[in-house]
Amino acid sequence: MVKAVADALRAARRILLVNHESPDGDSLGSSLALALALRRIGKEVVVGSSDGLPTVYGDLPGAALVTERVDGIGAFDVAVGVECSDLGRAGRFGPALAGAAVVVNIDHHRDNSRYGDLVWQDPEASSVAELVKTLIRELG
């Protein structure tokens, strides 16, 4: 599945990465690491968080990429739910996530609803960061 996700991201021009509501360090750190990797290969990336960026994570590399504004963000070639076990956990970014041409669902929780076109769920992983690290390596 990692190759299929990497291929979809490589083919995309505009990508949305969505954190779950009340984001934690795993979701935010993973989405920001992926955003920075995607930007290095020339992709336009928006990182969405309905609850914004908690102050405690303000020093993470790429923190300035996080937006809580949905209005005017437009359509995306690929949208990735990062540790969003269902579309409801994406908060107000749910419609933008679901409306992308390709929807990717990356999660390590057992209760994932398996929404999306590409579902990479690994309950054996300790965190979504483990999966994102593998994805970044696959992206080169």
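As shown above, the structure is provided for reference.
A. Region of the structure containing the side chain of Ser127. Position of Ser127 relative to the elements: it lies in the loop between strand E6 (118-121) and helix H4 (128-139). Aside from chain neighbours lying at most four places away, what touches Ser127 is Asp26 and His108.

B. Highlighting the pairing of strand E1 (residues 14-19). With 6 of its 6 residues buried, E1 lies for the most part within the structure. Burial of E1 is two-sided: the residues Arg14, Leu16 and Val18 facing one way and the residues Ile15, Leu17 and Asn19 facing the other way are all buried. Taken together, the 5 bridges between E1 and strand E2 (residues 44-48) define a ladder with parallel strand orientation. Bridge pairing in E2 links Leu17 to Val47. You can see the chain leave E1, run along helix H2 (residues 25-40) and come back into E2, and the turn it takes is right-handed. By the bridge criterion, 5 bridges tie E1 to strand E4 (residues 78-82) in an arrangement that is parallel. Pairing of Val18 across the sheet is with Gly81, part of E4.

C. Quick look at the packing of aromatic side chains. Across all of its chains, the model carries 0 aromatic pairs by this definition. The residue whose ring lies beneath Arg14 is Phe76, and the NZ or CZ to ring-centre distance is 4.4 Å.

What counts, and at which threshold
Residues numbered from 1 in each chain as written. Predicted model: local features only at pLDDT ≥ 70, side-chain atom pairs only at ≥ 80, totals over all residues. Heavy atoms only, no water. Helix = DSSP H or I, 4+ residues; strand = E, 2+ residues; numbered from the N terminus. Contact = heavy atoms within 4.5 Å. Buried < 20%, exposed > 50% of the residue type's maximum accessible area, 1.4 Å probe, protein only. Pairing = 2+ DSSP bridges. Right-handed = clockwise from strand over helix to strand, strands pointing away. Phe/Tyr/Trp six-rings, centres within 6.5 Å; stacked < 30°, edge-to-face > 60°. Lys NZ or Arg CZ within 6 Å of the ring centre and 35° of its normal.

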